[in-house]
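If you want the building blocks of each chain, they are given just below.
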Amino acid sequence: MPVEPPIETPRTLADAFALLATSTPDDQLTPIAGGTDVMVRITGEIGEPPGRLVDLGRLDELRGIQADGEAITIGALTTYTEIRRSAPCREHLPALVDAAATIGAAQIQNRGTLGGNIANASPAGDTLPVLLALDAEMVVGGQRGERTVPASDFWVAYRRTALAPDELILRIRIPVRGGRETRFRKVGTRRAQAISKVVIAVAWRESPGSPAWRDVRVALGSVADRPIRAAAAERALEGRSPTPEAADQAADALAAEIHPIDDVRSTADYRRVVAARALHRIVRDAGGW
Ligand SMILES: Cc1cc2nc3c(=O)[nH]c(=O)nc-3n(C[C@H](O)[C@H](O)[C@H](O)COP(=O)(O)OP(=O)(O)OC[C@H]3O[C@@H](n4cnc5c(N)ncnc54)[C@H](O)[C@@H]3O)c2cc1C
């Protein structure tokens, strides 16, 4: 029988930082937020079980969604249910709300947190392409201070992040940009409780009176060892109107630039074709043809 790991429950962020600073390779501390990923690992059947746990649940500093004119800032402990219900998220970050609505089912959405999805760093994590497409920044910190890491630099390898062992994700800052449109699409085996086979988020801006897309972002999950931006597909759409030709070229560029793998959930071929079709469909819907 697996042994339940010991759990520390700091009352303040400073206490949590002090605890994490004592983490060593022999006595590793694992933060636990909603626990929907950590608890799955607790039996040790899928890899090394967590050691001592640090419960973040009392750290109110990591909660809440704030909006100023320039950005929406989301505390790391914010749950998917809170994101779905948040007026600023619904107004300015509809793709994140759409992603939150596809995660697990109500129980997981009530417990699972945005910070947990980001730190867990699964290539299939559904919010991660959205954060890439929205140019999000992770504000992380520990006893040595705070720093900001752009989403594009955050996932550094398979299930590895730029986070140091003594750091926490504190909040996620997502710039609000005038004229920005976003789309999210997840393809799984079924509509709920499914891990993505392909997940795509697309963002672009339109100027008044011009249908041309600028600042195009195409981000994907489940097609590489980490969430990625698709640079060639972005180039194929940048400065263009959402015409059939632009959609064809972007889809071809995307299919050529990604290198998904076969695994238990899907095949590389399926992922490549579906990713390209999903992008094509998003452009087509935006173009209204
Ligand atoms: C039935 C089920 C269905 C699911 N469906 C989906 C799905 O559809 N899509 C999807 O993307 N995911 C899904 N998940 C995975 C999971 O729910 C999400 O990844 C969730 O966001 C994890 O958040 P959490 O708060 O529960 O994280 P936890 O389990 O508490 O932590 C996850 C990891 O992040 C670390 N961590 C947590 N918070 C912080 C922080 N603030 N700073 C630093 N490190 C931190 C922990 O140490 C741990 O390594 C599912 C899980 C289950 C069990």
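Please refer to the structure placed before this passage.
Procedures and definitions
- Residues numbered from 1 in each chain as written.
- Predicted model: local features only at pLDDT ≥ 70, side-chain atom pairs only at ≥ 80, totals over all residues.
- Heavy atoms only, no water.
- Axes fitted to C-alpha atoms, helices over the stretch in contact; angles between N-to-C directions.
- Helix = DSSP H or I, 4+ residues; strand = E, 2+ residues; numbered from the N terminus.
- Parallel < 35°, antiparallel > 145°, perpendicular 65-115°, else oblique.
- Left-handed = near helix turned anticlockwise from the far one by under 90°.
- Contact = heavy atoms within 4.5 Å.
- Nonpolar A, V, L, I, M, F, W, Y, C, P; charged D, E, K, R; others polar.
- Phe/Tyr/Trp six-rings, centres within 6.5 Å; stacked < 30°, edge-to-face > 60°.
- Buried < 20%, exposed > 50% of the residue type's maximum accessible area, 1.4 Å probe, protein only.
- Near = heavy atom within 4 Å.
- Polar contact = N/O pair within 3.5 Å; in protein donor to acceptor, adjacent residues only side chain to side chain.
- Areas by Shrake-Rupley, 256 points an atom, 1.4 Å probe, with all protein chains shown as cover.

(A) Focus on the packing of helix α10 (residues 244-257) against helix α11 (residues 268-287). The contact between α10 and α11 brings their axes to 8 Å, and the two run at 155 degrees. In terms of orientation, α10 and α11 fall into the roughly antiparallel class. The handedness of the crossing between α10 and α11 comes out as right-handed. Where α10 approaches α11, its residues A247, D248, A250, A251, L254 and A255 are matched on the opposing element by R272, A275, A276, L279, H280 and V283. Tallied by class, residues from the contact of α10 with α11 come to 9 nonpolar, 1 polar and 2 charged.

(B) Up close: the packing of aromatic side chains. Taken as a whole, this structure holds 2 aromatic pairs when the rule is applied. Both rings, one in F154 and one in W155, keep their centres 5.5 Å apart while their planes meet at 80 degrees; by these two values the pair is edge-to-face. Given a relative accessible area of 0%, F154 falls into the buried group. On the basis of relative accessibility, which here comes to 5%, the residue W155 falls in the buried class. Seen from their ring centres, W204 and W213 are 3.8 Å apart, and the 10 degrees between their planes marks the pair as stacked. With respect to burial, W204 and W213 carry one shared label: buried.

(C) Layout of the site of the ligand. Around the ligand there are 32 residues in total, and P31, T36, D37, Y80 and T113 lie nearest to it. A distance of 2.5 Å is found between an oxygen atom of the ligand and a backbone nitrogen or oxygen belonging to P31. Relative to its unbound accessible surface of 990 Å², the ligand loses 87% to contact with the protein. Of all the secondary structure elements, the ones that give two or more residues to the shell around the ligand are β2 (29-32), α2 (38-41), α7 (114-120) and β10 (168-175). A total of 4 residues in the shell around the ligand trace back to one element, the largest contributor, which is α7.

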